[in-house]
Amino acid sequence: MLAADLGADYIGVILDDRVIRHGSQELLAELHGKVAGTVGVYTEMSEIEKSELNEDIVQIHFPHSPEDAMHVKELTGKRIISVLQYTNGQEAAKSANEFLASGSDFVLVEKRDGIFQVHSEVLKIARNTDICVAGKISPDNIHYFAESTVQMIDVSSSVESVPGRKDPEKLRELFKNAGRSI
């Protein structure tokens, strides 16, 4: 709730019990109407297919094709975030455009060991293609993206005191450094 109060546009909930920072469909339902928007983060297609779909946006956080994204969109009637792992700038731009052309509403380019390490390349992509970014974005490096044309910045572990527990001071610092503090 603090992230929402500080200005988060969406609150994501990982829907995989194997992930330490997971939540539940019940949590998504509880958040509905209390935050600007919610994202259900799925790590398997089978989980999407049997989901209660209490979220506003479905994030496909596993390897998938543009056709898979279209299937999820048709199945759920929800907006879709397709997550792509960053390999290089040219491949990320090409893949992002393919997913957007096939119906993904957002493409999240993730580099798990730190997207800020390739921020110059990612910002070049963002000037021509609507992308979101993720991967070790923290209060210390959010400035690389806060004033850019990226559509969305996905933050998780870097604002935690321990895995699965957000740290209020880190959240406040993140939003302050992004220029969104209240």
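Residues numbered from 1 in each chain as written. Predicted model: local features only at pLDDT ≥ 70, side-chain atom pairs only at ≥ 80, totals over all residues. Heavy atoms only, no water.

(A) Fine view of the nonpolar core. One finds Ile115 and Ile131 to be the most contacted residues of the largest nonpolar core, which totals 45 residues. Every residue in contact with Ile131, bar those within four places of it in the chain, is listed here: Ala96, Val107, Val109, Val122, Ile125, Ala126, Val150, Gln151 and Met152. With 11 residues, the next largest nonpolar core counts Ile14, Val41, Cys132 and Ala134 among its residues. (Core = buried A, V, L, I, M, F, W, Y, C linked by side-chain atoms within 4.5 Å. Buried < 20%, exposed > 50% of the residue type's maximum accessible area, 1.4 Å probe, protein only. Contact = heavy atoms within 4.5 Å.)

(B) Quick look at the environment of Asn97. Relative to the helices and strands, Asn97 resides in helix α5 (residues 89–102). For the pair Asn97 and Asn128, spaced 31 residues apart in the sequence, the C-alpha separation amounts to 9.6 Å. (Helix = DSSP H or I, 4+ residues; strand = E, 2+ residues; numbered from the N terminus.)

(C) Molecular detail of the pairing of strand β5 (residues 106–110). Most of β5 is tucked away: five of the five residues are buried. Relative to β5, strand β4 (residues 79–85) runs parallel, the two sharing five bridges. What sits directly across from Leu84, in β5, is Val109. In the sheet, β5 pairs with strand β6 (residues 132–134) via three bridges, with the strands oriented parallel. Considered in β6, the bridge of Val109 is made with Val133. In this region the chain leaves β5, passes through helix α6 (residues 119–128) and returns to the parallel neighbour β6; the handedness of that crossover is right-handed. (Pairing = 2+ DSSP bridges. Right-handed = clockwise from strand over helix to strand, strands pointing away.)

(D) Local environment of unusual backbone geometry. Of note, Leu53 is a non-glycine position whose phi angle comes to about 55 degrees, a positive value. As for its placement among the helices and strands, Leu53 is situated in the loop between α3 (45–49) and β3 (57–60).

(E) Geometry of the pairing of β4. When you tally the buried positions in β4, you get five out of seven residues, the bulk of the element. Viewed along the sheet, the connection from β3 through helix α4 (residues 66–76) into β4 turns out right-handed. Viewed along the sheet, the connection from β4 through α5 into β5 turns out right-handed.

(F) Region of the structure containing α4. Taken residue by residue, α4 has Pro66, Ala69, Val72 and Thr76 as its buried positions. Mapping the buried residues of α4 onto a view down its axis gives an arc of 120 degrees, with all of them on the same face. Turned more than 90 degrees away from the buried face of α4, the exposed residues are Glu67 and Glu74. Contact partners of the buried residues in α4: α3, β3, β4 and α5. Positive phi appears at Gly77, one or two residues downstream of α4, with a value of about 70 degrees. (Arc of directions from axis to C-beta.)

(G) Summary view of the environment of Ile142. Assignment of secondary structure puts Ile142 in the loop between β6 and α7 (143–146). It is 25 Å that separates the C-alpha atoms of Ile142 and Leu100, two residues lying 42 residues apart in sequence. Leaving out residues up to four positions away in the same chain, Ile142 has contacts with Ile137, Ile153, Leu174, Asn177 and Ala178.

Keep in mind that these numbers describe shape and distance, not what the molecule does.
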